[in-house]
Number of protein chains: 2
Amino acid sequence: MTIHMNLGNDSYDIVVEKGILSKARELLNLNRRVLIVTDSGVPSEYSKKLSEQCKSGTIYTVPEGEASKSLEYFGKLLEVMLEHNFSRKDCVVAVGGGVVGDLAGFAASAYMRGIDFYNIPTTLLSQIDSSIGGKTAINFGGMKNIVGAFYQPKKVLIDPELLKTLPARQISNGLAEAVKMSLTSDKKLFELFEKEDIESNLEKIIISSLNIKKSVVEQDEKEQGLRKILNFGHTVGHGIESSENLTELYHGECVALGMLPMCSEKIRPRVIEVLRKCNLFRSIEYDWDKIREAAFHDKKADGDTVTVTTVKEIGSFELKVMKCTQVIEEAKRCLEDESI
Amino acid sequence: MTIHMNLGNDSYDIVVEKGILSKARELLNLNRRVLIVTDSGVPSEYSKKLSEQCKSGTIYTVPEGEASKSLEYFGKLLEVMLEHNFSRKDCVVAVGGGVVGDLAGFAASAYMRGIDFYNIPTTLLSQIDSSIGGKTAINFGGMKNIVGAFYQPKKVLIDPELLKTLPARQISNGLAEAVKMSLTSDKKLFELFEKEDIESNLEKIIISSLNIKKSVVEQDEKEQGLRKILNFGHTVGHGIESSENLTELYHGECVALGMLPMCSEKIRPRVIEVLRKCNLFRSIEYDWDKIREAAFHDKKADGDTVTVTTVKEIGSFELKVMKCTQVIEEAKRCLEDESI
């Protein structure tokens, strides 16, 4: 299954196919110097399998976790490319989750002002979401994704086989973003979550999610407007994610929590049921002042008010300007209910 | 005089006018947070004059010289923007030469994946060349401009008044790039160098050079082909510039030397005369093995051969594939002649 991302000169294909990692050479130009970036949490056989298909492959493994999305590791990747005499015609491939893709993509965008970048996402979250759309970034000064570039990959290979080694909690983490996209944009996908077995439908869920994201990104590559709907759940979600002592929560888990207060009372019970089915949290107990501070020291905040995406009816959305304080009050009221 | 750079969504105006720095507020949106980046070699009254026109201006001064085009100072500029809570709607202004413009432009391109960038070049070299075209960069691992982004400014203000404080050698440094552009693209401009008084024609020289560069960049924004003619003289020039112990030579001085071997025997005497008039070197004594190594460990090299721009007749050019060794032999033969 090939999905074509239509972005003028920056267009590219996303190929979804079981076992595709073993056939990467047929789809990517690996007949040159290739920097393969992966992390210590990704099974090393994945990057090795790719390296074997390269004319001249170098694997660089960063430590697992957000801390690797740093200016320091950005510099290290550039150093490796320099040491290996990379020219403008060589390339970078990410083999890993969002951390690896964001970091490697930013390094590829900056080396000689941009060399080819391929992404082979290995987590459900990155297969569904972060591997496409061209947002690359590192964290800086305690702020997530504050430094980076809009830089589209030349191709994305999605191999659902790779998910077999993924821990169950990481599957839930990815499902959260798929539920998010279904809520704003695809009623049928949401109903699949409600009615069908999830595990046996993963490939279908990936493809539906990619098609939603494709349509949004094609209309708004540089996040000037529409693309904000992809941030549904992220205002409060980022606040939770960035809060001290809550670092043990995954991104998708935080986004799932962040979505709930942005849903109408009418649909919320259905959303809660789907989150339960995906093994995602529906409530949280924490210091809401800290969440507010973390949420609105965020790039999405704008003075005293913030534009949030809300969902009244499943498969549609409304942008709403809300006071930051009101957003937090709603979230608190909604998420402190432990009975759900 | 306004020159419009036509680059689709990335289009912008270059405004050339004496005294325009004092009227920047009328042309730039300074009614927001503004990071003004300058260096210790630029008269501080220039950045102050701009700051006074900003709603909320912060001046950051880097040390004069290439060493400031580093990952370290890139990080420092990002830190300053974070500390001052810069949002996507704020902006960066460069007030200085190429070092400041390249560094500040790259920081602007990366902060939140890109905020507005204005350039107010203060040297002849940057007014003629580096302030337009959208190539931003830092040096890394001993390599010039190896890390950066293609990122167009929102506006460029060129104030020829600012050149009054510029040392004579810096004027020569800028003239070298103007001579370079005239050789490949503008016979009339070259004849102006031959026949007219240079100092009293500076504004005319700036505008002619900008128009040449505009035309080249519009046709080839991302340096896929034609833009290589702007690198006329740069293959050997970069080699000289990057060579140990030759660091006291300015960029333009090196480019002037690099152009000579790429001119036909027929026109070379005329070029030598113009370089003399501009107070630029026409010969050099140095270890050519070192220059070769520095030149071809360069991103413009490609295996054993290199594509160079040559000029047979003034105002036109030819791309020529030459062996790297041959380029150096030609340069040596041509530039070791002290009599010129």
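Structural data are supplied above this passage.
*Asks:* Explanation requested: the pattern of salt bridges in the structure shown.
*Replies:* Oppositely charged side chains may form a pair once their charged atoms are brought near each other. For the coordinates displayed, the defined rule picks out 40 salt bridges over all chains. Residue E313 of chain A pairs with K266 of chain A through a salt bridge whose shortest N-O separation is 2.7 Å. You can see E313 of chain A sitting in the loop between β10 (305-310) and β11 (318-323) and its partner K266 of chain A sitting in the loop between α10 (251-259) and α11 (268-277), a full 47 residues away along the chain. For E313 of chain A, a relative accessible area of 40% gives the class partly exposed. As a salt-bridge pair, R169 of chain B and E253 of chain B come within 2.7 Å of each other at their nearest N and O atoms. Taken together, the residues span a long stretch of sequence, with R169 of chain B in helix α6 (residues 168-185) and E253 of chain B in helix α10 (residues 251-259) at a distance of 84 residues.

*Asks:* Would you mind going over the relation of the copies chain B and chain A with me for this structure?
*Replies:* What relates the two chain copies is a rotation about an axis together with a slide along it. Aligned on chain A, chain B shows an RMSD of 0.0 Å; the corresponding rotation is 180° and the shift along the axis is 0.0 Å. Each copy turns onto its partner about a two-fold axis. The residues that chain B uses at the interface reappear at the interface of chain A in 100% of cases, marking a shared surface.

*Asks:* Quick question: what am I supposed to make of the interface of chain B and chain A here?
*Replies:* How large an interface is tends to be reported as the accessible area lost when its parts come together. Each side of the interface is counted separately: chain B has 31 residues, and chain A has 31 residues. A buried area of about 2700 Å², summed over both sides, lies between chain B and chain A, and 62% of it is on carbon and sulfur atoms. Counting every contact that joins chain B to chain A gives zero salt bridges. The tally of links from chain B across to chain A stands at six residue pairs in polar contact (both at pLDDT 80 or more). Among the secondary structure elements, those contributing two or more residues to the side of chain B that touches chain A are α3 (71-83), α4 (98-110), β7 (135-140) and β8 (143-150) of chain B. Class assignment for the residues of the side of chain B that touches chain A results in 15 nonpolar, eight polar and eight charged.

*Asks:* Can you walk me through the sheet that holds strand β9 (residues 155-158) of chain A in this structure?
*Replies:* Adjacent strands of a sheet pair through backbone hydrogen bonds, lying either parallel or antiparallel. All names here are of chain A. Read from one edge of the open sheet, seven strands run β1-β2-β9-β6-β5-β3-β4, paired in mixed fashion. Each edge of the open sheet is held by one strand with a lone partner, namely β1 (2-5) and β4 (56-62). Ignoring which end each strand starts from, the neighbouring axes of this sheet average 15° apart. Where strand β5 (residues 91-96) meets strand β6 (residues 116-121), six bridges bridge the pair, whose relative direction is parallel. Each bridged residue has a counterpart across the sheet, and for V92 the counterpart in β6 is F117.

*Asks:* What am I meant to see in the packing of aromatic side chains here?
*Replies:* Aromatic ring pairs are reported here in terms of the distance separating the ring centres and the angle at which the planes meet. Residues and elements named next belong to chain A. Per the stated rule, a full pass over the model turns up two aromatic pairs over all chains. Relative to F106, the ring of F74 has its centre 4.4 Å away and its plane inclined at 15°; by these criteria the two rings are stacked. Residue F74 is found in helix α3 (residues 71-83), and its partner F106 is found in helix α4 (residues 98-110); the two are separated by 32 residues along the sequence. Note on accessibility: F74 and F106 belong to one class, buried. Geometry around Y250 places R169 over its ring, the cationic atom sitting 3.9 Å from the centre.

*Asks:* Even after reading the chapter, I still don't get α3 of chain B, so can you show me in this structure?
*Replies:* Each full turn of the α-helix corresponds to 3.6 residues, which orients residues three or four apart in the same direction. All names here are of chain B. For α3, with 13 residues, the first-to-last C-alpha span of 18 Å sits near the 18 Å given by 1.5 Å per residue. Every buried residue belonging to α3 is among L71, Y73, F74, G75, L77, L78, V80, M81 and L82, and all of these are buried. Looking one or two residues beyond α3, the residue adopting positive phi is N85, at roughly 55°.

*Asks:* Just checking my understanding: could you explain the packing of helix α6 (residues 168-185) of chain A against helix α8 (residues 202-219) of chain A for this structure?
*Replies:* Helices that pack against each other are described as a pair by the angle of their axes relative to one another and the distance between those axes. All names here are of chain A. Relative to each other, α6 and α8 sit at 50°, their axes nearing to 10 Å. As summarised for this structure, α6 and α8 are arranged oblique, according to the angle between their axes. For the pair α6 and α8, the crossing hand works out as left-handed. Contact residues: α6 offers I171, L175, A178, M181, S182 and S185, while α8 offers L202, I205, S209, I212 and K213. In terms of residue class, the contact of α6 with α8 is built from seven nonpolar, three polar and one charged.

*Asks:* Help me understand the state of the cysteines, please; the structure alone is not making it clear to me.
*Replies:* Cysteine pairs can be linked by a disulfide, which is a covalent bond between their two sulfur atoms. Here the structure, examined in full by the defined rule, presents zero disulfides over all chains. Of all cysteine sulfurs, the one in C263 of chain B lies closest to C334 of chain B, which takes part in no disulfide; the gap is 8.2 Å.

*Asks:* Would you explain helix α8 (residues 202-219) of chain B in this entry?
*Replies:* Residue and element names in this part refer to chain B. Helix length check: α8, at 18 residues, gives a terminal C-alpha distance of 26 Å against a target of 26 Å (1.5 Å per residue), a fit within 8%. Within the sequence span of α8, burial applies to L202, I205, I206, I207, S209, L210, I212, K213, K214, V216 and V217. Where the residues of α8 are buried, they touch β1 (2-5), β2 (12-16), α5 (124-130), β9 (155-158), α6 and α7 (187-195).

*Asks:* When you look at the sheet that holds β9 of chain B in this model, what are you seeing that I'm missing?
*Replies:* Residue and element names in this part refer to chain B. Within the open sheet, the seven strands sit side by side as β1-β2-β9-β6-β5-β3-β4. Their pairing is mixed. Each having just a single partner strand, β1 and β4 (56-62) make up the two edges of the open sheet. Put simply, the sheet's adjacent strands are angled 15° from each other on average, direction ignored. The sheet contact formed by strand β3 (residues 33-39) and β4 spans seven bridges and is parallel. Each bridged residue has a counterpart across the sheet, and for V37 the counterpart in β4 is Y60. Most of the contacts of α4 go to strand β5 (residues 91-96), to which it runs at about 170°, and overall it touches β3, β4, β5 and β6 (116-121).

*Asks:* Could you clarify how one ought to interpret the pairing of strand β3 (residues 33-39) of chain A in this entry?
*Replies:* Look at any regular strand and the pattern is simple: side chains alternate between the two faces of the sheet. All names here are of chain A. Burial analysis of β3 places six of its seven residues in the buried class, which makes it a mostly covered element. In this fold, β3 hands off to helix α2 (residues 44-51), which returns the chain to β4; that crossover is right-handed. As paired strands, β3 and β5 are joined by four bridges and run parallel to one another. Bridging from a neighbouring strand, L35 pairs with V92 of β5.

*Asks:* Whenever I open this one, a nonpolar patch on the surface confuses me. Can you help?
*Replies:* Nonpolar side chains collect at one region of the surface, where L226, F317 and L319 of chain B lie side by side and expose about 230 Å² of accessible area between them. If you trace the backbone, L319 of chain B turns up in strand β11 (residues 318-323).

*Asks:* Could you clarify how one ought to interpret the environment of S70 of chain A in this entry?
*Replies:* Residue and element names in this part refer to chain A. Following the sequence through the fold, S70 ends up in the loop between β4 and α3. By relative accessible area, which is 14% here, S70 ends up buried. Taking C-alpha positions, S70 is 32 Å from L275, a pair spaced 205 residues apart along the chain.

*Asks:* When you look at the environment of L163 of chain A in this model, what are you seeing that I'm missing?
*Replies:* Residues and elements named next belong to chain A. Considering the arrangement of structural elements, one finds L163 in the loop between β9 and α6. Between the alpha carbons of L163 and L124 there is a distance of 6.8 Å; along the sequence they are 39 residues apart. If sequence neighbours within four positions are ignored, L163 has contacts with T122, T123, L124, Q127, I171, L202 and I206.

*Asks:* Whenever I open this one, unusual backbone geometry confuses me. Can you help?
*Replies:* All names here are of chain B. Phi at M112 is positive, roughly 50°, even though this residue is not glycine. Locating M112 in the fold gives a position in the loop between α4 and β6. Even without a glycine there, the phi angle at N279 is positive, about 60°. A residue is classified by how much of its surface remains accessible, and N279, at 59% relative accessible area, is exposed.

Reading the values: rules and limits
- Residues numbered from 1 in each chain as written.
- Chains lettered and ligands numbered in written order.
- Predicted model: local features only at pLDDT ≥ 70, side-chain atom pairs only at ≥ 80, totals over all residues.
- Heavy atoms only, no water.
- Salt bridge = Lys/Arg side-chain N within 4 Å of Asp/Glu carboxyl O.
- Helix = DSSP H or I, 4+ residues; strand = E, 2+ residues; numbered from the N terminus.
- Buried < 20%, exposed > 50% of the residue type's maximum accessible area, 1.4 Å probe, protein only.
- Least-squares fit on C-alpha atoms with pLDDT ≥ 70 in both.
- Contact = heavy atoms within 4.5 Å.
- Buried area = accessible area lost by both parts, 1.4 Å probe.
- Polar contact = N/O pair within 3.5 Å; in protein donor to acceptor, adjacent residues only side chain to side chain.
- Nonpolar A, V, L, I, M, F, W, Y, C, P; charged D, E, K, R; others polar.
- Pairing = 2+ DSSP bridges.
- Axes fitted to C-alpha atoms, helices over the stretch in contact; angles between N-to-C directions.
- Phe/Tyr/Trp six-rings, centres within 6.5 Å; stacked < 30°, edge-to-face > 60°.
- Lys NZ or Arg CZ within 6 Å of the ring centre and 35° of its normal.
- Expected span 1.5 Å × (residues − 1).
- Parallel < 35°, antiparallel > 145°, perpendicular 65-115°, else oblique.
- Left-handed = near helix turned anticlockwise from the far one by under 90°.
- Disulfide = S-S within 2.5 Å.
- Right-handed = clockwise from strand over helix to strand, strands pointing away.
- Patch = residues over 30% accessible without salt bridge, like charges linked within 9 Å, V, L, I, M, F, W, Y side chains within 5 Å.
- Areas by Shrake-Rupley, 256 points an atom, 1.4 Å probe, with all protein chains shown as cover.

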